Amino acid sequence: MTRDAYLKRSLGTLYRPIKESRVLLVGAGGIGCELLKDLLLSGFGEIHIIDLDTIDLSNLNRQFLFRYEHIKKSKALVAKEVARKFQPSAKLEAYHANIKDSQFNVDWFATFDIVFNALDNLDARRHVNRMCLAANVPLIESGTTGFNGQVQVIKKGRTECYDCNSKEVPKTFPVCTIRSTPSQPIHCIVWAKSYLLPELFGTSEDESEEFDHAADADNAAEIANLRKEAQALKEIRESMGSPEFYQKVFNKVFKDDIERLRGMEDMWKTRKPPQPLDLEQLQQESSSIEPVVSVNDQKVWSLAEDFVIFKDSLDRLSKRLKTLQDVAKDGVKPILLFDKDDVDTLDFVTASANLRATIFGIDPKSKFDTKQMAGNIIPAIATTNAMTAGLCVLQAYKVLKEDYQNAKMVFLERSGARALNSDTLKPPNPNCPVCSVATARIKIDPERATVNDLVQDILRLQLGYGEEFSLSNELGTIYDPDLEDNLPKKLSDLGIKNESFLTVVDEEDDQPRVNLELVVVVPEKPTPATTEEKPVALEKIIEIPRKPKEPEPPVSEPVNRTPVLTKRKRDAEEAGLTNGDERSKRLASASVAEGDGSNPIVLDEADGGAILIDDD
């Protein structure tokens, strides 16, 4: 019997929908390789694969489609060629590209029957979630960490989306901890990756997402000193390429800065003070060591080896940047960025972090461990990836049958009595800013369309918005009642282009509408300047539903108790105060929206303003 014959027997009437389906697989890594194999063996007829990354040596232990000879090649392209053997008759298309590129727009997403997410970062997941909602295409989201895995079916209007629940944000570190008082290896690694490397070869990372400035409000003097140190390092950068460059950098960060810290005696009353490094002594101890020791990434290098690799990687990076500067066009300032798969930057970060760790009495780490920590690599287990991929295909069967009632949120867990657990899919969160929105498409002429055209002609005249609403895109707020400076500006000058998303938030007090998401469409042929056609036009007038009313808080008995809150509001209206500061109004409405509506507190006038807490 042929392979198709077995599939027909197993799948029954589902065989044809699977064979004729057109699916998109976003990500060709650990889950992606397993999922691509499963989709082909399950009979899916047309599969498009997209991935931005190239294959690295560290991928080979769990991404089974790749071999040693594939290193540095495109994951998507190699996956397509290798996986073709599982189902030669299937149609496979591969894209070595970023899923956020403009070519992969809403119309492109709408051509698929199902989208599978096999990604490893929050930003890309959110983007795919938003595009699938806009295109009204079902999404099967998946992820793993160690022994744990999760699969979620997402369908607009039927289930929760990826953003219906808040997600854990990446860990950040206070600047003073990283730059002055490190106590863990990760502190030294973040310092080397997000401070020293960018200050020498990139853009200052004082505002890095890995640096938390909120915890440093009480250390203003120390922050000022650290900024002076960063400025001094920028001046040293000017000597890049000279024989003494590495000496200046070494003495600055591993000697002079450390001696300044040692001088702050109050900082070291309860901990051991750092010990500066001696350049001449390390030069003598390392005179017979070759830089090839960096090839051994499992070994924790000695102090002398760290110094040799620091010096050699600094020289390699300096030459790379100089080459980029020589070929750069006018006005372009080349920079080097950390990449966990880049040997030069990884060597530099590992050696620099270890030198600093020695100064503060912290255990150094191997190059392998540094790569895991600096690259935020989540432990991956091949078996977990394989099981998660299989669960994705099983949920896809239910999606193709439109059987969302029996589709599940599935959890793969090592702990507990059962390895597999599931839960019914929850309905959309009515307050979700991503999926509980209305969607419309607008056609604009970027050379003529202004913010005022959109606000007046579309939002107010055609869609009936009042005075209180705001307009924003991914860069921030474009318009609100207190921000009218942008009204005469062209939309293109504010970063709005084809397939951009614009969000309209109704801020009226009396049952506002749900958020409106506008998808921008720019025609390929520009409209002649002499035409009478308006520069902004809705493709279709839509009805924007109102947000559901908040439930009335229960009023405590007896009936003759009149809440002071009502009286105060009436008095405020009579005094003309409620139409005052619009900013205060928005802050007040925001604070109410963040509450959960439980345990309302009511001031009771009859009892002299006593506070009553309703336990219902």
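Conventions adopted
Residues numbered from 1 in each chain as written. Predicted model: local features only at pLDDT ≥ 70, side-chain atom pairs only at ≥ 80, totals over all residues. Heavy atoms only, no water. UniProt positions renumbered as here; feature names shortened; annotations may be inferred. Helix = DSSP H or I, 4+ residues; strand = E, 2+ residues; numbered from the N terminus. Contact = heavy atoms within 4.5 Å. Axes fitted to C-alpha atoms, helices over the stretch in contact; angles between N-to-C directions. Parallel < 35°, antiparallel > 145°, perpendicular 65-115°, else oblique. Left-handed = near helix turned anticlockwise from the far one by under 90°. Nonpolar A, V, L, I, M, F, W, Y, C, P; charged D, E, K, R; others polar. Core = buried A, V, L, I, M, F, W, Y, C linked by side-chain atoms within 4.5 Å. Buried < 20%, exposed > 50% of the residue type's maximum accessible area, 1.4 Å probe, protein only.

Looking up the chain in an unreviewed UniProt entry gives the name Ubiquitin-activating enzyme E1-like, with the organism given as Aspergillus clavatus. Taken directly from UniProt, the Subunit (unreviewed entry) text for the chain runs: "Heterodimer." Taken from UniProt, the Sequence similarities (unreviewed entry) comment for the chain reads in full: "Belongs to the ubiquitin-activating E1 family."

Our next topic: the environment of Asp-163. By the element assignment, Asp-163 lies in the loop between β6 (148–154) and β7 (173–174). When the C-alpha atoms of Asp-163 and Arg-125 are compared, they prove to be 9.6 Å apart, with 38 residues separating the residues in sequence. Leaving out residues up to four positions away in the same chain, Asp-163 has contacts with Arg-126, Asn-129, Cys-432 and Val-434.

Attention shifts here to the packing of helix α10 (residues 245–262) against helix α13 (residues 343–359). Packing of α10 against α13 brings their axes to within 11 Å, and their N-to-C directions diverge by 20 degrees. The angle between α10 and α13 falls in the class roughly parallel. Along this stretch, α10 crosses α13, giving a crossing that reads as right-handed. Note on element contacts: α13 touches α10 through Ser-352, Leu-355, Arg-356 and Ile-359, opposite Phe-250, Phe-254 and Ile-258. Residues belonging to the contact of α10 with α13 are distributed by class as follows: 5 nonpolar, 1 polar and 1 charged.

As a further point, take the UniProt feature "binding site: Zn(2+)" (unreviewed entry) in the chain. In this structure's numbering, the residues bearing the UniProt feature "binding site: Zn(2+)" (unreviewed entry) are Cys-161, Cys-164, Cys-432 and Cys-435. In sequence the annotated residues extend across 275 residues, while in space they remain close, none of their C-alpha pairs exceeding 8.5 Å. Along the chain, Cys-164 falls in the loop between β6 and β7. If near-sequence neighbours (up to four positions away) are discounted, Cys-164 is found in contact with Pro-428, Asn-429, Cys-432 and Cys-435. Mapped onto the elements, Cys-435 comes out in the loop between β10 (420–424) and β11 (438–444). Setting aside anything within four residues of it in sequence, one finds Cys-435 in contact with Leu-133, Cys-161, Cys-164 and Pro-428.

Attention shifts here to the nonpolar core. General note: in soluble globular proteins, nonpolar side chains tend to be found buried as a group. Among the nonpolar cores identified, the biggest contains 47 residues, and Leu-200, Phe-250, Phe-254, Phe-310 and Leu-314 are the most heavily contacted of them. When residues of this core are traced back to their parent elements, those giving at least two are α8 (185–201), α9 (220–237), α10, α11 (279–285), α12 (303–327) and α13. Examining the composition of this core, we find that 11 residues originate from one element, α8, more than from any other. With residues near it in sequence (within four places) discarded, Phe-250 still touches Lys-255, Leu-277, Asp-278, Leu-279, Leu-282, Phe-307, Phe-310 and Leu-355. Listed in part, the 45 residues of the second largest apolar core include Leu-14, Ile-55, Ile-140 and Ala-396.

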